[in-house]
Every structure is written in C-alpha cells, then in structure tokens.
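Here's the letter readout for the chains.
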Amino acid sequence: SARDACRAANRWLLMNVGNLLSAGEAVFLPGPRPAWQVPVQTHFERPGVATFISVDALSGEVIATESTPETVLKSVQQFIANGDSDSALHATASR
C-alpha cells in the first residue's frame with residue numbers, strides 16, 4: 001500500500017541519508033516491476049520536494065544501489081541551494 005511504501009521510504013531515509021527528510025505521498029507506478037514513487041521532502045531551510053525514491057510494490061523494499069544515498073543527498077543539497085527540484089530525477093537504480 002502507499003502507506004507501507006512511505007514507511008519503508010522513511011525508514012530508509014533515516015538509516016541512509018538523514019533525519020531531516022521524510023517521504024511524501026506515494027504514487028503507484030504499474031508495470032513489469034510495479035513500484036511506488038515516493039517524493040523526498042525537506043523540512044529545513046527550504047521545505048519542499050527535493051527528489052524521489054522508489055519502493056518495490058511486491059517486496060516493499062526501497063529500490064536502491066550503493067550510490068543511491070549519495071545521489072539523494074546531492075539532490076537535496078542542490079534543491080536547498082538553488083530551489084531546483086528535478087522532477088525527472090529518480091534517485092533509484094535503473095529498472
């Protein structure tokens with residue numbers, strides 16, 4: 001469910017990126033590998049959606065590689081510095 005995807009995303013963000021970020025409302029993406037697209041929201045300096053992560057709809061796990069935390073952090077830093085949210089960027093592994 002969307003709620004479970006947000007919980008998984010929040011847990012992953014806390015463990016891998018930082019505690020001043022949270023998951024926004026998840027959107028279901030059907031397909032060969034169904035997933036939930038979850039916005040990553042900042043809550044300091046410039047609140048808003050900085051980037052997105054994906055949660056596998058079948059396993060409930062965040063779709064990530066070793067470099068995903070760094071990619072998310074860079075997107076957040078860019079968002080705070082410039083106010084740019086690259087909605088096309090999905091800080092996840094290729095599907």
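Asks: Explain the overall build of the chain residue by residue, including any values.
Replies: On a plain count of helices and strands, the chain comes out with 2 helices and 4 strands. Its helices and strands in sequence order give the chain the pattern α-β-β-β-β-α, from N to C terminus. Per-residue burial over the chain gives 41% buried out of 95 residues. In the chain, once contacts between residues fewer than 6 apart in sequence are set aside, the share between residues at least 24 apart is 46%. Of the roughly 5,500 Å² of accessible surface on the chain, 51% is carried by carbon and sulfur atoms.

Asks: So what about the nonpolar core? Which residues, and what values?
Replies: When a protein is soluble and globular, its nonpolar side chains tend to lie buried together. In terms of nonpolar packing, the biggest core is built from 21 residues, with Leu-13, Val-38, Ile-53, Val-55 and Val-72 touching the most fellow members. Mapped onto this core, the elements with two or more residues apiece are helix 1 (2-16), strand 1 (21-23), strand 3 (35-42), strand 4 (48-56) and helix 2 (68-82). When residues of this core are assigned to their parent elements, the largest contribution, 6 residues, is made by helix 1.

Asks: For the pairing of strand 4, give the residues involved together with the corresponding values.
Replies: Across the 9 residues that make up strand 4, a large majority, 7, are buried. Across 8 bridges, the pairing between strand 3 and strand 4 is antiparallel. Its bridge partner lying in strand 4, Gln-41 is registered against Val-49. Counting the residues in the hairpin turn of strand 3 and strand 4 gives 5 residues, including Glu-45, whose phi is positive at 55°.

Asks: I'd like a description of the packing of helix 1 against helix 2, backed by residues and values.
Replies: Angle between the axes and distance between the axes are the two parameters that describe a pair of packed helices. Contact geometry of helix 1 with helix 2 gives a least axis separation of 10 Å together with a crossing angle of 90°. Judged on the interaxial angle alone, helix 2 and helix 1 are roughly perpendicular. Two secondary-structure elements touch here, helix 1 through Trp-12, Leu-13 and Asn-16 and helix 2 through Thr-68, Pro-69 and Val-72. Within the contact of helix 1 with helix 2, the residues separate by chemical class into 4 nonpolar, 2 polar and no charged.

So, how was this worked out
- Residues numbered from 1 in each chain as written.
- Predicted model: local features only at pLDDT ≥ 70, side-chain atom pairs only at ≥ 80, totals over all residues.
- Heavy atoms only, no water.
- Helix = DSSP H or I, 4+ residues; strand = E, 2+ residues; numbered from the N terminus.
- Buried < 20%, exposed > 50% of the residue type's maximum accessible area, 1.4 Å probe, protein only.
- Contact = heavy atoms within 4.5 Å.
- Areas by Shrake-Rupley, 256 points an atom, 1.4 Å probe, with all protein chains shown as cover.
- Core = buried A, V, L, I, M, F, W, Y, C linked by side-chain atoms within 4.5 Å.
- Pairing = 2+ DSSP bridges.
- Axes fitted to C-alpha atoms, helices over the stretch in contact; angles between N-to-C directions.
- Parallel < 35°, antiparallel > 145°, perpendicular 65-115°, else oblique.
- Nonpolar A, V, L, I, M, F, W, Y, C, P; charged D, E, K, R; others polar.

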